[in-house]
Amino acid sequence: MTQQGVQLDQEQFCCSICLHLLKDPVTVPCGHNYCSGCIEAYWTRGPEAQRGAHSCPQCRQTFTPRPVLRKNTMLAEVVERLKETGGGGGGLQDVVVPPPPPPPPDSCHAAGPGDVACDVCTGRKLKAVTACLQCLASYCDAHLQPHRRSPAFKKHKLVKAPAAAELQASVCPRHDEAEKIFCRTDRRCICYLCSMEEEHRGHDTVPAATERAERQKELDASRRTIRQRIREREADVKALHREVRSIDGSADRAVEDSDSVFTELVASAARRRSEVRELIRDRQRLEVNRAKELRKRVEQEVAELRTRHAELERLSHTEDHVHFLQRYCSGSLSAIGESPQTVSGHVRPLRYFEDVTVAVSRVRDKLEDILQEEGTNISKTVNRVDVLLSTPSEPRTRPDFLQYSCPITLDPNTANQYLTLSKENRHATVLKRQSHRQHPERFTGWCQVLCREGLTGRTYWEVEWRGDVYVAVAYKDIGRRGNREQCVFGFNDKSWCLHCCKAGYDFTHGDVATKLPAGRVSSRVGVYLDHAAGTLSFYAVSDTTTTQLSLLLHRVHTTFTQALYPGFRLLSAYGDTVELCDLN
């Protein structure tokens, strides 16, 4: 019976490192075969050599210690027969030997400075074109073939080579594993083994892809906010441009009208005509310069917003979840300040130059002595021209403050073990020790609690207190464990605190206390925050039925770099309470 021919593919007997027929073939523990010299060189001079790691270039399985390699005699004999038979007629019948693999294409240039080199190439490193997120390695076109041919690599995620430069930052330095888990408690990426250790036990951990999806939503919202702000500021630029033309036109008309009136006056009125004309021109130049300067600032802001939007756009399209989270959570890209108030709808009607003409007309028929008297009125009229409204000041009446009120609640995860929360987490009382579960955000050394809501923009809230209470605002990253100064409100640069007691008030920030003037003590305190303006004000509210706040206790002028969280500290005496007031 005629024996069926065996058809062999020469690529099955090629080393995946040098891409030629195996020479002195050896088998690594995972089952893959290489030239003895190639795999030894890869382990000695490869990218993992400095870390003392020894892995298979194809499947990335790591071996500890370095395996002792022995020649695969059976595979060596098959390779030798392939070389001897050439096109057939040897120990293996009808062996079909394809031509050797072609040399690397011209596109596979040697890796130069700034390029990502192939992790598999030994000797002359070729420029990598693709990286594998599972293998955490970069490949040139030739060494990428196993990922394209083998079903074992079908589910591996491949990305363009430039992203490979960031792969090493995604590897845990302690366990040499991919950091595919995000610890929300510590706000950083970790590997699976890190999540099992004591350091992260009980922490809130999620897959990096899940956290990326949530952060992506925030990024998209930021992009929408920036786009909206760009539209608003562009509208401001157009409005200011129109105002410049209007100011010029109105002033020109006023000058012309004034000239026609003054030419009818007697010679004694000539001096007054010149004075009025100069007043108008001076005011014209002042208002035009103000409008042009503001237009320039707005145009600059639009350019900065476009640059910020472009950065967020690039970040939103990166495929590496870990790189995205590292960049986005650093703070420099997530946080967006409040938009300055637009000037489009805050322009005064341009009627004052026309009023100048009317005033001059009234003077036309009067005598010189009356002209002298009315000249004062003309000067005042010119000076009243004010096109642009200034930035709104701090509210003055309680109804003005209430329009900035927002609902805030206490966060049980931050409450000290001696604090009891009630009334839908709006009331806190000092009682005996509670059985709160452990949480990384809980204050352990002080009877303190923070609110859930981080505040930016303009916000107002009121607090009812009894006993010895500290009303504060703090950054989210204030210390939590122990009784160190880094953890107590007012004793560090991350919190601002008003102390309220029967004896009066005092204010503390950065461990510097300021005694406030003595006066009537109110059990209700109002807090007004203008985050963008950097102001924080504390008021004593003695009567909620009137429109006036009774007393400004203290005002802070600074620059806030993060969202602020309202917080409270109660002394350990039983019965001290604090409650967030319902202002709806």
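What comes next concerns the included structure. Not measured: the values here are computed from a predicted model.

## Focus: the sheet that holds strand 16 (residues 512-515)
Read across the sheet, six strands follow the order 11-20-13-14-15-16 without closing on themselves; strand pairing throughout is antiparallel. For this open sheet the edge positions go to strand 11 (448-450) and strand 16, each flanked by a neighbour on one side alone. Here the average twist between neighbouring strands, direction ignored, is 20°. The pairing of strand 15 (residues 504-509) with strand 16 spans four bridges and is antiparallel. Directly across from Thr508, in strand 16, lies its bridge partner Ala513.

## Details of the packing of helix 5 (residues 208-262) against helix 7 (residues 321-328)
It is the contact of helix 5 with helix 7, at a shortest axis distance of 10 Å, that shows an interaxial angle of 50°. The angle between the axes of helix 5 and helix 7 places the two elements in the oblique class. The handedness of the crossing between helix 5 and helix 7 is left-handed. Judged by residue contacts, Ala208, Ala209, Glu211, Arg212, Arg215, Gln216, Glu218, Leu219 and Ser222 of helix 5 engage His321, Phe324, Leu325 and Tyr328 from helix 7. Class assignment for the residues of the contact of helix 5 with helix 7 results in six nonpolar, three polar and four charged.

## Notes on the nonpolar core
By size, the foremost hydrophobic cluster in this structure holds 38 residues, and its most contacted members are Trp461, Trp496, Leu536, Phe538 and Phe568. Residues in contact with Trp496, not counting those within four places in the same chain, are Val471, Ala472, Val473, Tyr475, Phe507, Thr508, His509, Leu536, Val556, Thr558, Phe560 and Leu564. Counting 29 residues, the second largest nonpolar core, distinct from the first, contains Ile39, Trp43, Cys56 and Leu144.

## As for the side chain of Arg215
As for its position among the elements, Arg215 is in helix 5. On the basis of relative accessibility, which here comes to 13%, the residue Arg215 falls in the buried class. A polar atom in the side chain of Arg215 sits 2.8 Å from the side chain of Glu211. In this structure, Arg215 is in contact with Arg187, Phe324, Leu325, Tyr328 and Cys329, ignoring residues within four places of it in sequence.

## Quick word on the environment of Leu421
Along the chain, Leu421 turns up in strand 9 (residues 419-422). As for Leu421 and Leu410, which are separated by eleven residues in sequence, their C-alpha atoms are 7.8 Å apart. Setting aside chain neighbours within four positions, we find Leu421 in contact with Leu410, Asp411, Pro412, Ala415, His427 and Ala428.

## Things to note about the pattern of salt bridges
In the structure shown here, the tally under the stated rule is 30 salt bridges. Among the salt bridges present, the one from Asp220 reaches Arg223, with a minimum N-O distance of 3.3 Å. With Asp220 and Arg223 both in helix 5 and three residues apart, the pair spans about one turn of that helix. The class of Asp220 is partly exposed, set by a relative accessible area of 25%. A salt bridge links Arg285 to Asp282, with the nearest nitrogen and oxygen atoms 2.2 Å apart. Of this pair, Arg285 and Asp282 both sit in helix 6 (residues 270-316), three residues apart, which is roughly one turn of that helix. Owing to a relative accessible area of 43%, Arg285 belongs among the partly exposed residues under this scheme. The exposure class assigned to Asp282 is partly exposed, which follows from its relative accessible area of 35%. One salt-bridge network, held together by shared partners, links Arg184, Asp204, Glu211, Glu214, Arg215 and Glu218.

## Examining unusual backbone geometry
Positioned with a positive phi, Arg187 is a non-glycine residue whose angle comes to about 55°. On the secondary structure map, Arg187 appears in the loop between strand 6 (181-183) and strand 7 (188-190). According to the relative accessible area criterion, Arg187 is partly exposed, its value standing at 46%. Phi at Glu424 takes a positive value of approximately 55°, unusual for a residue other than glycine. When you line up the elements, Glu424 lands in the loop between strand 9 and strand 10 (427-430).

## Comments concerning the sheet that holds strand 10
The strands making up a sheet associate through backbone hydrogen bonding, with each pair oriented either parallel or antiparallel. Strand order across the open sheet formed by seven strands is 9-10-21-12-17-18-19, with antiparallel pairing between neighbours. The sheet is open, and its two borders are formed by strand 9 and strand 19 (551-557), each paired with just one other strand. Taking the axes of each pair of neighbouring strands and ignoring which way they run, one obtains an average angle of 20° across the sheet.

## Quick look at the pairing of strand 21 (residues 577-580)
By the bridge criterion, three bridges tie strand 10 to strand 21 in an arrangement that is antiparallel. Residue pairing for strand 21: Thr429 is matched across the bridge by Thr577. Relative to strand 21, strand 12 (residues 458-466) is paired through four bridges, and the arrangement is antiparallel. Considered in strand 21, the bridge of Trp465 is made with Val578.

Basis of the calculations
- Residues numbered from 1 in each chain as written.
- Predicted model: local features only at pLDDT ≥ 70, side-chain atom pairs only at ≥ 80, totals over all residues.
- Heavy atoms only, no water.
- Pairing = 2+ DSSP bridges.
- Helix = DSSP H or I, 4+ residues; strand = E, 2+ residues; numbered from the N terminus.
- Axes fitted to C-alpha atoms, helices over the stretch in contact; angles between N-to-C directions.
- Parallel < 35°, antiparallel > 145°, perpendicular 65-115°, else oblique.
- Left-handed = near helix turned anticlockwise from the far one by under 90°.
- Contact = heavy atoms within 4.5 Å.
- Nonpolar A, V, L, I, M, F, W, Y, C, P; charged D, E, K, R; others polar.
- Core = buried A, V, L, I, M, F, W, Y, C linked by side-chain atoms within 4.5 Å.
- Buried < 20%, exposed > 50% of the residue type's maximum accessible area, 1.4 Å probe, protein only.
- Polar contact = N/O pair within 3.5 Å; in protein donor to acceptor, adjacent residues only side chain to side chain.
- Salt bridge = Lys/Arg side-chain N within 4 Å of Asp/Glu carboxyl O.

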